[in-house]
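For reference, the chains in residue letters:
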Amino acid sequence: MTDVQPLPDQAGSTGDASDRLDPSQIDGLVDMDPEAFRTAAHAVVDLMADYLARVESYPVLPPIEPGSLRPGFPARPPDRPEPLAAILADYRTLIEPNATHWQHPGFFAYFGSTASGPGILGEMLAAALSQNPMLWRTSPIGTELEEVVVDWLRQGFGLPESFDGLLTDTASTSSLIALAAAREAAGLNASNRGLGDRDDVGAARVYASVEAHSSIEKACMTLGIGRVGLVRIPTNERFELRVDLLEAAIAEDGAAGRTPIAIVATLGTTGSTSVDPVAAMAEIAVREGAWLHVDAAYAGAVALDPGSRAPFAGWERADSVLVNPHKWLFTPFDASLLLTRRMDQLRAAFSAVPEYLRTLDRATPVRDFSEYQPQLGRRFRALKLWILLRYFGLDGLRRRVVRHVELGRRFGDWIDADPDWERLAPVPFSTVCFRWRPDRSAGGEDDPAVEAFVDERNAAILDAVNRTGEVFLSHTRLAGRFTIRLSVSSLRTEERHVERAWALLRREANRLEEAASG
């Protein structure tokens with residue numbers, strides 16, 4: 001192992017290794033010595049394992065205010081190198097405690113993103129290999145392992161062999177790619193002709209539920225379809241897209257000379273996790289010649305269980321489907337899976353191959369994934385998924401996802417059984433939407449003052465519960481009502497954590513009631 005040396009102005013120092021630098025830091029022209037890296041890596045892995053072992057001891061949300069962290073860092077970058085031990089010590093005091101702890105078993109906000117142990121190991125190995133699978137030749141294993149993993153996941157979800165696909169960073173990018181392909185499939189040829197001074201692009205329409213994710217709106221904005229080109233379809237009382245209103249909107253647009261290019265079905269909306277009627281929407285898409293895109297970023301993981309696929313009936317008819325392994329398949333952020341039956345349209349939307357990127361020395365055709373997405377550079381995401389899938393197996397992933405669904409529905413049952421609490425949406429998966437509404441306020445649903453009071457009180461309950469640090473819940477609005485959300489998807493969540501969340505909600509609600517009455 002390379003000996004560490006004291007800083008030049010520390011000659012004679014009797015300090016420990018935390019006072020010292022590796023020789024490569026002092027006058028080196030190459031990377032850290034491999035043996036020094038080995039020692040440092042062991043120290044970093046110990047930090048990681050210690051964190052995972054004690055994560056529950058942290059408050060899920062750090063008790064700090066915006067702007068309070070930056071003053072703890074130097075205003076200027078360091079001119080001179082610093083000992084790694086000192087850097088890691090600062091990590092322990094400055095970084096780790098001030099993170100929002102997504103790995104915490106009490107993280108019930110948004111849709112969770114748990115980084116599993118095998119997934120973390122995969123990220124470490126991918127970083128060491130430093131692959132860029134933009135072309136086959138820049139990473140043969142990155143390219144072909146991605147093909148393998150994509151197909152493994154396709155099979156796991158029970159989708160037909162006609163689906164192919166790729167890995168992207170997030171659902172936002174996956175939907176952007178899918179809608180760009182839909183624009184090409186509609187014959188607009190925007191990748192070649194552009195969008196300027198064209199009436200046909202202005203007449204293009206994309207249809208999605210009012211509950212669809214904001215990434216659909218952003219994709220339309222980015223692709224030149226614009227907000228005006230996104231038609232939001234109202235939902236029923238279960239927050240599912242109304243097919244009759246979709247058909248009416250398409251008919252109205254058709255009479256005005258506008259063209260439906262895509263229909264977006266969401267299986268597990270962000271607000272309520274409602275399930276759009278994808279089978280009926282597929283019929284409409286076929287009839288209208290429109291691209292059907294299915295956003296199953298959160299709920300798609302449930303389709304790993306063949307017995308739980310009823311909500312997904314019809315998604316096999318889609319032109320594209322997205323699922324985020326970094327949401328509920330325990331993959332370190334980031335990893336989104338985009339499956340499609342029309343890879344040729346993705347390529348038509350994004351292929352641009354200058355001479356310096358051409359592969360000329362292979363007789364066998366190659367797949368260059370950069371031709372199917374807007375970015376050139378790509379991460380080696382397949383490695384962590386390959387390791388994770390082999391470590392857990394599909395059976396292990398199914399078992400964990402099904403358990404989370406059970407815990408979510410159990411929490412929903414507790415809400416239903418308490419007269420002072422109200423569930424505001426169905427629980428098709430593992431997310432519960434609810435609010436405190438005391439039994440004494442029944443019958444005041446049409447009274448704006450009562451509803452405003454209930455909204456304000458629920459916001460106060462949510463804030464109080466989150467400030468305990470034991471759990472973290474988020475909110476939305478459903479039918480205009482302030483709604484608390486609890487979503488179970490963490491590998492580390494046990495029934496006791498869900499029970500504790502319920503106890504805290506009731507405790508804080510009672511405390512606020514007592515304070516108001518006193």
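To be clear, the structure that these remarks concern was listed above.
What comes next concerns the included structure. (Residues numbered from 1 in each chain as written. Predicted model: local features only at pLDDT ≥ 70, side-chain atom pairs only at ≥ 80, totals over all residues. Heavy atoms only, no water.)

## A short note on the packing of helix α10 (residues 243–255) against helix α11 (residues 278–288)
Point 1. The contact between α10 and α11 brings their axes to 10 Å, and the two run at 15°. In terms of their interaxial angle, α10 and α11 are classed as roughly parallel. You can see that α10 and α11 cross each other, and the crossing is right-handed. Contact residues: α10 offers Val243, Leu246, Glu247 and Ile250, while α11 offers Ala280, Met281, Ile284, Arg287 and Glu288.
Point 2. Grouping the constituent residues of the contact of α10 with α11 by class yields 6 nonpolar, no polar and 3 charged. (Axes fitted to C-alpha atoms, helices over the stretch in contact; angles between N-to-C directions. Helix = DSSP H or I, 4+ residues; strand = E, 2+ residues; numbered from the N terminus. Parallel < 35°, antiparallel > 145°, perpendicular 65-115°, else oblique. Left-handed = near helix turned anticlockwise from the far one by under 90°. Contact = heavy atoms within 4.5 Å. Nonpolar A, V, L, I, M, F, W, Y, C, P; charged D, E, K, R; others polar.)

## Notes on unusual backbone geometry
Point 1. With an omega dihedral of 15°, the bond running from Phe333 to Asp334 counts as a cis peptide bond.
Point 2. Topologically, Asp334 is positioned in the loop between α12 (325–328) and β9 (336–340).
Point 3. Its identity is not glycine, yet Asn189 carries a phi of approximately 50°, on the positive side.
Point 4. Looking at the element boundaries, Asn189 is found in the loop between α6 (171–185) and α7 (190–193).
Point 5. A positive phi angle is found at Thr273, which is not glycine, with a value near 60°.
Point 6. Looking at the element boundaries, Thr273 is found in the loop between β6 (259–266) and α11.
Point 7. Under the relative-accessibility criterion, Thr273 is labelled buried at 0%. (Buried < 20%, exposed > 50% of the residue type's maximum accessible area, 1.4 Å probe, protein only.)

## Quick word on the environment of Gly122
Point 1. On the secondary structure map, Gly122 appears in helix α4 (residues 117–129).
Point 2. Sequence separation between Gly122 and Glu456 is 334 residues, and the spatial gap between their C-alpha atoms is 45 Å.
Point 3. The contacts of Gly122, once residues within four sequence positions are left out, are Leu383, Lys384 and Ile387.

## Details of the pairing of β9
Point 1. Buried residues dominate β9, accounting for 5 of its 5 residues.
Point 2. Burial of β9 is two-sided: the residues Ser336, Leu338 and Thr340 facing one way and the residues Leu337 and Leu339 facing the other way are all buried.
Point 3. Pairing geometry for strand β3 (residues 164–168) and β9, over 5 bridges, is antiparallel. Following the sheet pairing, Thr168 is matched in β9 by Ser336.
Point 4. In this sheet, β9 lies alongside strand β8 (residues 320–323) in antiparallel orientation, the contact comprising 4 bridges. In the strand pairing of β9, Leu322 is matched with Leu338. (Pairing = 2+ DSSP bridges.)

## Observations regarding the sheet that holds strand β12 (residues 474–478)
Point 1. Strand order across the open sheet formed by 4 strands is β10-β11-β13-β12, with antiparallel pairing between neighbours. Where the open sheet ends on each side, the last strands, each with one partner, are β10 (421–423) and β12. On average, each strand axis in the sheet is inclined to that of its neighbour by 40°, with strand direction left out of account.
Point 2. Taken together, the 4 bridges between strand β11 (residues 431–436) and strand β13 (residues 481–487) define a ladder with antiparallel strand orientation. Each bridged residue has a counterpart across the sheet, and for Phe434 the counterpart in β13 is Ile484.
Point 3. Strand contacts of helix α16 (residues 495–517): β10, β11 and β13, with the helix running at about 130° to β10, the strand carrying the most contacts.

## A short note on the sheet that holds β8
Point 1. Spatial strand order, β3-β9-β8-β7-β6-β4-β5: 7 strands in an open sheet with mixed pairing. Edge positions in the sheet fall to β3 and β5 (230–233), since each of these pairs with one other strand and no more. Sheet twist, expressed as the mean angle between neighbouring strand axes with direction ignored, is 20°.
Point 2. Inspection of the sheet shows strand β7 (residues 291–295) paired to β8 by 3 bridges, in the parallel sense.

## Structural notes on the nonpolar core
Point 1. Counting 58 residues, the largest nonpolar core has Phe157, Leu246, Ile263, Leu292, Val294, Trp315 and Trp328 as its most contacted members.
Point 2. Excluding residues within four positions of it along the chain, Ile263 makes contact with Tyr207, Leu246, Ile250, Met281, Ile284, Ala285, Ala290, Trp291, Leu292 and His293.
Point 3. Ala212, Ala219, Cys220 and Tyr372 belong to the second-largest nonpolar core, a separate cluster that totals 33 residues. (Core = buried A, V, L, I, M, F, W, Y, C linked by side-chain atoms within 4.5 Å.)

## A closer look at the side chain of Gln373
Point 1. Among the secondary structure elements, Gln373 is positioned in the loop between α13 (343–350) and α14 (382–417).
Point 2. For Gln373, the side chain forms a polar contact with the main-chain oxygen of Gln375, separated by 3.1 Å.
Point 3. A polar side-chain atom of Gln373 sits 2.9 Å from a polar atom in the side chain of Arg378.
Point 4. Beyond its immediate stretch of four places on either side in the chain, Gln373 contacts Leu166, Leu167, Ile177, Phe350 and Arg378. (Polar contact = N/O pair within 3.5 Å; in protein donor to acceptor, adjacent residues only side chain to side chain.)

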